[in-house]
Amino acid sequence: MKRLISCTALGLAATALAVGGLATSAQAAPAVANGGDPALTDVYIWATDVNLRQQPTTDSPRLAQRSQWWADAICQTQGQTVHDPAVGTNNWWTAVMEFSGSDVAWVNNLYIRGGEKIAGVPDC
């Protein structure tokens, strides 16, 4: 009986260490999709301090700023061409929501993982 209790305690300790290790590695892992609206495509804004705009142009008011963030993509369209010397040039913009039902904002596709035009996101 003593051995059974000892084995059980050892098993519980090993499980606790494993769970603790997973929690630590989960914190260090890259951001994951936010689990927003399942009908929309999740997109990842990989850059820091990215402006979310009211319209697909840099002249449009900034609604928010996000860094390394997942969003629900509604659609994408061509808008003002944006040139960033460190990243490139692109005129495709994606309409995003932070979570289902939130306000819609526009992000230039330069700052969204996936390239010039984002696969899985329909045209507006």
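Identification of the chain as Peptidase M23 from Streptomyces levis is taken from an unreviewed UniProt entry.

Colleague: Please explain the state of the cysteines as it appears in this structure.
Modeller: Simply put, the disulfide is a covalent bond whose two ends are the sulfur atoms of two cysteines. Going through the model one piece at a time under the given rule, you end up with 1 disulfide. Here Cys75 is linked by a disulfide to Cys124, with a sulfur-sulfur distance of 1.8 Å. Disulfide Cys75 to Cys124: torsion about the S-S bond roughly 90°, handedness right-handed. Here Cys75 is found in strand E4 (residues 69-84), whereas its partner Cys124 is found in the segment after strand E6 (104-108), with 49 residues between them in sequence.

Colleague: Sorry if this is basic, but what is going on with the packing of aromatic side chains here?
Modeller: For any pair of aromatic rings, the description consists of the separation of the ring centres together with the inter-plane angle of the planes. Per the counting criterion, the structure on display carries 2 aromatic pairs. Where Tyr44 meets Trp70, the ring centres are 5.1 Å apart and the plane angle is 45°; that geometry is what we call tilted. Within this pair, whereas Tyr44 is found in strand E1 (residues 41-45), its partner Trp70 is found in strand E4, the two being separated by 26 residues in sequence. Each member of the pair, Tyr44 together with Trp70, is buried. When the centroid spacing of 6.4 Å and the interplanar angle of 40° are considered together, the rings of Trp46 and Tyr111 count as tilted. Taken together, the residues Trp46 in the loop between E1 and strand E2 (50-53) and Tyr111 in the segment after E6 connect sequence positions 65 residues apart.

Colleague: What is the right way to look at the nonpolar core in this model?
Modeller: Nonpolar side chains in soluble globular proteins tend to end up buried together. Counting 21 residues, the largest nonpolar core has Val43, Val96 and Val107 as its most contacted members. Elements represented by at least two residues in this core include exactly E1, E2, E4, strand E5 (88-97) and E6. No other element matches E4, which puts 5 residues into this core. If we ignore the near neighbours within four places in the chain, the residues touching Val107 are Ile45, Val50, Asn51, Leu52, Trp92, Trp93, Thr94, Val96 and Ile112.

Colleague: Whenever I open this one, the side chain of Asp84 confuses me. Can you help?
Modeller: If you trace the backbone, Asp84 turns up in strand E4. At 11 Å, Arg53 is the nearest oppositely charged side chain to Asp84, a buried residue that forms no salt bridge. Apart from residues no more than four positions distant in its own chain, Asp84 is found in contact with Leu110 and Tyr111.

Colleague: How do you make sense of the pairing of E5 when you look at a structure like this?
Modeller: In terms of residue burial, E5 counts as a mostly covered element, since 7 of its 10 residues are buried. Both E4 and E5 contribute to a ladder of 9 bridges, which runs antiparallel. Considered in E5, the bridge of Val82 is made with Asn90. In this sheet, E6 lies alongside E5 in antiparallel orientation, the contact comprising 5 bridges. The partner of Thr94 across the bridge, within E6, is Val107.

Colleague: How should I be thinking about the side chain of Gln76 in this particular structure?
Modeller: Within the element layout of this structure, Gln76 appears in strand E4. Among the polar contacts made by the side chain of Gln76, one reaches the side chain of Asn109 at a distance of 2.9 Å. Those residues in contact with Gln76 that sit more than four places away from it in its chain are Trp92, Trp93, Thr94, Asn109, Lys117, Ile118, Val121, Pro122, Asp123 and Cys124.

Conventions used here
Residues numbered from 1 in each chain as written. Predicted model: local features only at pLDDT ≥ 70, side-chain atom pairs only at ≥ 80, totals over all residues. Heavy atoms only, no water. Disulfide = S-S within 2.5 Å. Helix = DSSP H or I, 4+ residues; strand = E, 2+ residues; numbered from the N terminus. Phe/Tyr/Trp six-rings, centres within 6.5 Å; stacked < 30°, edge-to-face > 60°. Buried < 20%, exposed > 50% of the residue type's maximum accessible area, 1.4 Å probe, protein only. Core = buried A, V, L, I, M, F, W, Y, C linked by side-chain atoms within 4.5 Å. Contact = heavy atoms within 4.5 Å. Lys, Arg positive; Asp, Glu negative; His and termini not counted. Salt bridge = Lys/Arg side-chain N within 4 Å of Asp/Glu carboxyl O. Pairing = 2+ DSSP bridges. Polar contact = N/O pair within 3.5 Å; in protein donor to acceptor, adjacent residues only side chain to side chain.

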